[in-house]
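# Coordinates in review
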Amino acid sequence: NTYSLELFDDMRFINLVGVWPVGLTGGLLWEGPVCDATGVIGFHALWRLDRFFPVDMAGFAFSIQALREHSNARLDPSVHYGFLESSFLSQLLSNRRELMEPKASMCRQILVWHTRTEKANMKREKELNAQGKQSDPALDVSGTLK
């Protein structure tokens, strides 16, 4: 993964769990929370939409306070493939999405990317296009909102 230093500035102010979009993941240009002025209102993801928190491991951070309040929270390797993040966040947030704290300019900036030494596979982006939809074109995967 590649992280902008700006994201670490945002992380300093997380009370419990902060979230943000991740670029070039999930077969999409970006995947992660969709926010408005009130907070997280949904998620931009196509894979396993039955996940309560469909976010990537690189798309959240938590405070030590969150661990103190939920001392039994664990990354459980026995959960179904792809549900590790959702399972962990469910424990930290007691399944309360409204407790998620949007970072990266209310989730309007990409500050972390899945980077590889190969071309990104945008197969889910093509599926989305086939449905007549697209990832928010105003969210530039190179960095900031146009």
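As the structure is a prediction and not an experimental result, all values here were calculated from the model.

### Here we look at helix H5 (residues 123-130)
Within an α-helix, residues lying three or four positions from one another point in the same direction, as the helix has 3.6 residues per turn. Within H5, burial applies to Arg124, Glu125 and Leu128. Take H5 and look down its axis: the buried residues cluster within an arc of 105°, on one side only. For H5, exposure combined with an orientation more than 90 degrees from the buried face picks out Lys126 and Ala130. Buried residues belonging to H5 abut strand S5 (39-44). Glycine 132, located one to two residues past H5, shows a positive phi value of around 80°.

### Overview of unusual backbone geometry
With a phi close to 50°, serine 94 is a non-glycine residue in the positive phi region. Mapped onto the fold, serine 94 is located in the loop between helix H3 (84-93) and strand S7 (100-102). Overall, the relative accessible area of 44% leaves serine 94 in the partly exposed class. One non-glycine residue with positive phi stands out, namely methionine 106, at about 55°. Following the sequence through the fold, methionine 106 ends up in helix H4 (residues 104-107). On the basis of relative accessible area, methionine 106 is assigned to the partly exposed category, the value being 33%.

### What about the nonpolar core?
Among the nonpolar cores identified, the biggest contains 17 residues, and Val17, Phe60, Leu89 and Met100 are the most heavily contacted of them. Every element with two or more residues in this core is listed here: strand S2 (17-19), S5 and H3. Looking at which element gives the most residues to this core, the answer is H3, with 4 residues. Each residue touching leucine 89, except ones within four places of it in the same chain, is listed here: Val17, Phe53, Val55, Phe60, Ser94 and Met100. Counting residues in hydrophobic clusters, the runner-up holds 9 residues, among them Leu7, Ile14, Val22 and Leu111.

### Digging into the pairing of S5
Within S5, 5 of the 6 residues are buried, leaving the element largely enclosed by the surrounding structure. Relative to S5, strand S4 (residues 30-36) is paired through 5 bridges, and the arrangement is antiparallel. Within S5, the residue paired with cysteine 35 across the bridge is valine 40. In this antiparallel pair of consecutive strands, S4 and S5, the connection spans 2 residues.

### Some remarks on the environment of serine 78
Of note, serine 78 is situated in the loop between helix H2 (64-69) and H3. Among the polar contacts made by the side chain of serine 78, one reaches the side chain of aspartate 76 at a distance of 2.6 Å.

### Examining the sheet that holds S2
With mixed pairing, the 3 strands of this open sheet are ordered in space as S6-S2-S7. Of all strands in the sheet, those with a lone pairing partner are strand S6 (60-62) and S7, marking the two edges. Each adjacent strand pair in this sheet contributes to an overall mean axis angle of 30°, direction not counted. Running at roughly 40° to S6, H3 makes contact with S2, S6 and S7 of the sheet.

### Focus on the state of the cysteines
Summed over the entire model, instances satisfying the criterion amount to 0 disulfides. Unpaired in terms of disulfides, cysteine 35 finds its nearest cysteine sulfur in cysteine 107, a separation of 3.2 Å. Of the residues examined, cysteine 35 reaches a relative accessible area of 15% and is grouped as buried. Given the relative accessible area of 2%, cysteine 107 is considered buried.

Each value, and the rule that gives it
- Residues numbered from 1 in each chain as written.
- Predicted model: local features only at pLDDT ≥ 70, side-chain atom pairs only at ≥ 80, totals over all residues.
- Heavy atoms only, no water.
- Buried < 20%, exposed > 50% of the residue type's maximum accessible area, 1.4 Å probe, protein only.
- Helix = DSSP H or I, 4+ residues; strand = E, 2+ residues; numbered from the N terminus.
- Arc of directions from axis to C-beta.
- Contact = heavy atoms within 4.5 Å.
- Core = buried A, V, L, I, M, F, W, Y, C linked by side-chain atoms within 4.5 Å.
- Pairing = 2+ DSSP bridges.
- Polar contact = N/O pair within 3.5 Å; in protein donor to acceptor, adjacent residues only side chain to side chain.
- Axes fitted to C-alpha atoms, helices over the stretch in contact; angles between N-to-C directions.
- Disulfide = S-S within 2.5 Å.

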